[in-house]
Amino acid sequence: MKITKRMKRNAKQLFRVCMVKGLLDESRVRQVVQHLVASGERNSPPTLAHFLRLLKLGTAQHTAVIESAIQLPADLRAAVQSGLAQRYGPGLAITFAQRPELIGGMRIQVGCDVYDGTVRAGLEALQRSF
Amino acid sequence: MANLLKEIEAQIAGAKTAAVKQNVGVIREVGDGVAKIEGLTDAMLNEMIDLGNGVTGLALNLDETEVGVVILGDYTQLKEGDEAHTTGKLLQVPVGKGLLGRVVNILGEPVDGKGPIKSDKTYPVEKIAPGIIRRRSVSQPVQTGIMPIDAMIPIGRGQRELIIGDRATGKTTVCIDTIISQARLNKAAEMAGDKEYRPLYCIYVAIGQKQSTIARVIAVLEEAGAMPYTVIVASPASESAANQYLVPFAGAAMGEWFMDNGMDALIVYDDLTKQAVAYRQVSLLLKRPSGREAFPGDVFYLHSRLLERAARVGEKYGNGSLTAMPIIETQSGDVSAYIPTNVISITDGQIFLETDLFYQGVRPAINVGISVSRVGSAAQLKAMKQVAGKLKGELAQFRELAAFAQFGSDLDAKTQAQIDRGKRIMEIFKQAQYNPIPVEIQVVVLWAVQNGYMDQVPVARVKEFQNKLTEYFTTRKNQLLAKIGREKALNDELKAELKAAADEFKQTWH
């Protein structure tokens, strides 16, 4: 079923209801989903699909992915975590990942913001400049 | 070698690396020259978006969760899931005199195979038009070299004069003639070392045209020696709709550089109908709401913001100007269609070309009755005003009387004389293409017809008389022509000299 503007608006309102102090409240999200599924209305599946999309985007905004070529020492991890908490506020879900192809340095992605200080990014920039 | 190694080591030791913050998004949907990108929360309107693989896009729709981007390049290289990031830059094109004589694309890249363009300055493609304070009235003429235009629908520097007509009525030819005329005037002033003369540089923007048509225009301009004073910005029909919609703005940016640097430029948009169609395509692909004839609601703003960039700026701001000659193609002469009415209301006048006149042999096929120039008369040469001041009225009377004469009733001598004069004027307004006439010659010819020198010449031989008269003045009376050009007005002394010369010519005419 094609999603209408009204369904999008409803999904957005439901998404707003799930936010508490700028953070997603998991229990409210569950409640909303259960309510929509139980209602059995024909508009529910597309509304739910859009709600899910907003949820994914919202979650991504509060998720930080830190990638490095080697595993980071604990003190550096703590420093990065506190730095991110300072900049983006509390409630940030932080995950660390290893990517040897980055060669060196660190790449941090929080939502749409990317801080790339890796050797690979530097080399790519150099390649583009030629 | 040891020194080099030390230098490199020192540079590495001193090098500071900093992570650059980027705003990224993921391509959710791509096709038909348009991409929807999720993320890119910091994207600005009209910002260039790096889509990877050397492809650039332009952010046109900023929605809550995604950004609608038109792709300026080969979108077949992109796929769903690719990463895109903002650049913090608006779409820019190179500007400057280095572009003269070149054929470039929407991004200002050369497409003529003559090597890179020498330009170190760029201008944003979208720019706010000069405001009220910066502007001044139009006061200097653009000599198109087309007699009916220079005599009755004069164009001033900084004016926006619309060229409107059906297909194949000579709209492009009028503009090409104007460009050739400017090149000849520029060249003549350069050779004479005239410091007073302000050269008029030309920019020809080809929108959605066939490549062969563009190649023909280039060939004509090259043959006429007009290319050194001209820039051609082309987005042919084979390019994407996004390119065709943006190319007039790129041309305007190149023209604005001349204006901002105290020079004069003329820009021809050939044609804005195709640009509107391309914009409609882009808007529909971006799922913007459509209005009349499926054009988006801001199609008026599309043309108004483009044409408002043509201006004459005050002396305090460099005294430059940008004259615009937009072209609009009508369907079966319908000027009341959506896009024609929009552009008519934006411009400072229009030159209307008619198919009927074209096939009657009146070329350029200008319908003088409905063509107007709202501000150009202030810029018209005084000499031209003196000889052509009453022409429009006389021609209107002629058309009315000629309609009556068709009924075959007997006419009094005065009416007959008016009809005869009208026929002769119509005849002298016929002009071969790519052959602009210098303004001094136009003044002489119009003076001759107004003073009855052609009254005895049969209508069929008027053109021959005009050609011989032109030849006579250019070969034997070139000093008189130069004087007219210098004085820019016909005083009693000049009139006497003109009369003597015309009498002398009349004696030799058989």
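Residues numbered from 1 in each chain as written. Chains lettered and ligands numbered in written order. Predicted model: local features only at pLDDT ≥ 70, side-chain atom pairs only at ≥ 80, totals over all residues. Heavy atoms only, no water.

Enquirer: Looking at this model, I keep getting lost on a positive patch on the surface. Mind explaining?
Expert: Positive charge collects at one region of the surface, where Lys-2, Lys-5, Arg-6, Lys-8 and Arg-9 of chain A together with Lys-287 of chain B lie side by side. Tracing the sequence through the fold places Lys-287 of chain B in the loop between helix H6 (272–285) and helix H7 (299–307). A relative accessible area of 61% means that Lys-287 of chain B is categorised as exposed. (Patch = residues over 30% accessible without salt bridge, like charges linked within 9 Å, V, L, I, M, F, W, Y side chains within 5 Å. Areas by Shrake-Rupley, 256 points an atom, 1.4 Å probe, with all protein chains shown as cover. Salt bridge = Lys/Arg side-chain N within 4 Å of Asp/Glu carboxyl O. Lys, Arg positive; Asp, Glu negative; His and termini not counted. Charge placed at Lys NZ, Arg CZ, Asp CG, Glu CD. Helix = DSSP H or I, 4+ residues; strand = E, 2+ residues; numbered from the N terminus. Buried < 20%, exposed > 50% of the residue type's maximum accessible area, 1.4 Å probe, protein only.)

Enquirer: Would you explain the interface of chain B and chain A in this entry?
Expert: Interfaces are often sized by the accessible area lost when the parts come together. On the side of chain A, 13 residues touch chain B, which itself brings 16 residues to the contact. Summing the contributions of chain B and of chain A, the shared interface buries around 1,200 Å²; its carbon and sulfur component is 49%. Taken as a group, Lys-21, Val-24 and Thr-65 of chain B account for 34% of the area that chain B buries against chain A, more than any other trio of residues on that side. Remark: the boundary between chain B and chain A carries five salt bridges. Between Glu-38 of chain B and Arg-53 of chain A there is a salt bridge whose closest N-O contact spans 2.7 Å. At the junction of chain B with chain A, the criterion picks out seven residue pairs in polar contact (both at pLDDT 80 or more). Elements that contribute at least two residues to the side of chain B that touches chain A include exactly strand S1 (20–31) and strand S2 (34–39) of chain B. Here the residues of the side of chain B that touches chain A are counted per class, giving four nonpolar, five polar and seven charged. Here strand S6 (residues 113–116) of chain A pairs with S1 of chain B via four bridges, running antiparallel. (Contact = heavy atoms within 4.5 Å. Buried area = accessible area lost by both parts, 1.4 Å probe. Polar contact = N/O pair within 3.5 Å; in protein donor to acceptor, adjacent residues only side chain to side chain. Nonpolar A, V, L, I, M, F, W, Y, C, P; charged D, E, K, R; others polar. Pairing = 2+ DSSP bridges.)

Enquirer: Is there a simple way to think about the confidence of the model for chain B in this case?
Expert: Reading predicted coordinates in detail is not appropriate for stretches of low pLDDT. The share of residues in chain B with pLDDT of 70 or more is 99%, and the mean pLDDT across the chain is 93. Among the prediction metrics, the complex's ipTM stands at 0.83, with pTM recorded as 0.90. (pLDDT = per-residue confidence, 0-100.)

Enquirer: I would appreciate a short explanation of the environment of Ser-373 of chain B in the present structure.
Expert: Residues and elements named next belong to chain B. Inspection of the secondary structure assignment puts Ser-373 in strand S18 (residues 372–373). In sequence terms Ser-373 and Leu-162 are 211 residues apart; their C-alpha atoms lie 9.3 Å from each other. Those residues in contact with Ser-373 that lie beyond four places of it in its chain are Ile-153, Pro-154, Gln-159, Glu-161, Asp-348 and Gly-349. Of the polar contacts made by the side chain of Ser-373, one reaches the backbone oxygen of Pro-154; its length is 2.5 Å. Separated by 3.0 Å, the side chains of Ser-373 and Gln-159 make a polar contact.

Enquirer: It is not clear to me how the nonpolar core should be interpreted in this structure. Could you clarify?
Expert: Here is a general trend for soluble globular proteins: nonpolar side chains tend to be buried in one another's company. All names here are of chain B. Formed by 143 residues in total, the largest nonpolar core has its most connected members in Leu-221, Tyr-269, Ile-428, Phe-429, Leu-446, Phe-473 and Leu-490. Among the elements that line this core, the one with the most residues is helix H5 (residues 241–260), at 13 residues. Those residues in contact with Ile-428, other than ones at most four positions away along the chain, are Met-147, Val-445, Leu-446, Val-449, Met-454, Val-462, Lys-463 and Gln-466. (Core = buried A, V, L, I, M, F, W, Y, C linked by side-chain atoms within 4.5 Å.)

Enquirer: Help me understand helix H16 (residues 492–508) of chain B in this model?
Expert: Helical geometry note: an α-helix holds 3.6 residues per turn, so side chains three or four residues apart project in the same direction. Residue and element names in this part refer to chain B. With 17 residues, H16 ought to run about 24 Å at 1.5 Å a step, and its terminal C-alpha atoms sit 25 Å apart, in line with that. Leu-494, Leu-498, Ala-501, Ala-502 and Phe-505 are the residues of H16 that are buried. An end-on view of H16 places all buried positions within 100 degrees of arc, on one side of the element. Relative to its buried face, H16 has exposed residues pointing more than 90 degrees away, namely Asp-492, Glu-493 and Gln-507. Each element contacted by the buried residues of H16 is listed here: helix H13 (439–450), helix H14 (462–476) and helix H15 (478–487). (Expected span 1.5 Å × (residues − 1). Arc of directions from axis to C-beta.)

Enquirer: Please clarify how the pattern of salt bridges should be interpreted in this entry.
Expert: Evaluated as defined, the whole model comprises 36 salt bridges over all chains. Among the ionic pairs, Glu-64 of chain B bridges to Lys-12 of chain A, the shortest N-O distance being 2.8 Å. Of this pair, Glu-64 of chain B sits in the loop between strand S4 (56–62) and strand S5 (66–72) while Lys-12 of chain A sits in helix H1 (residues 5–17), each in a different chain. Relative accessible area serves as the criterion here: at 58%, Glu-64 of chain B is assigned to the exposed category. By relative accessible area, which is 24% here, Lys-12 of chain A ends up partly exposed. Ionic pairing is found between Glu-464 of chain B and Arg-461 of chain B, a salt bridge with its closest N-O pair at 3.1 Å. By relative accessible area, which is 34% here, Glu-464 of chain B ends up partly exposed. Accessibility expressed as a relative area gives 29% for Arg-461 of chain B, which makes it partly exposed. Where salt bridges share partners, they join Glu-67, Arg-99, Glu-101, Arg-107 and Asp-116 of chain A together with Glu-83 of chain B into one cluster.

Enquirer: I tried to follow the side chain of Thr-178 of chain B on my own but got confused; where do I start?
Expert: Along the chain, Thr-178 of chain B falls in helix H3 (residues 171–192). Using a relative accessible area of 0% as the deciding quantity, one classes Thr-178 of chain B as buried.

Enquirer: How do you make sense of helix H4 (residues 74–88) of chain A when you look at a structure like this?
Expert: Across its 15 residues, H4 of chain A extends 21 Å between first and last C-alpha, which sits within 8% of the 21 Å expected from 1.5 Å per residue. One or two steps after H4 of chain A, the chain reaches Gly-89 of chain A, where phi turns positive at roughly 85 degrees.

Enquirer: Honestly, the domain arrangement of chain A in this entry has me stumped. Any pointers?
Expert: Residues and elements named next belong to chain A. When cut into domains, chain A gives domain 1 (5–60) and domain 2 (62–129). Summarising the inter-unit geometry, the C-alpha centres of domain 1 and domain 2 are found 30 Å apart. Buried area between domain 1 and domain 2, both sides added, is near 390 Å², and the carbon and sulfur share of it is 45%. On the domain 1 side of the interface with domain 2, the three residues burying the most area are Leu-23, Thr-59 and Ala-60, jointly 75% of the side's total. Here domain 1 and domain 2 share zero salt bridges between them. The interface formed by domain 1 and domain 2 includes six residue pairs in polar contact (both at pLDDT 80 or more). Ranked by residue count, the leading element in the side of domain 1 that touches domain 2 is helix H3 (residues 44–61), at three residues. Here the side of domain 1 that touches domain 2 is composed, by residue class, of two nonpolar, three polar and no charged. (Domains from an automatic or database assignment.)

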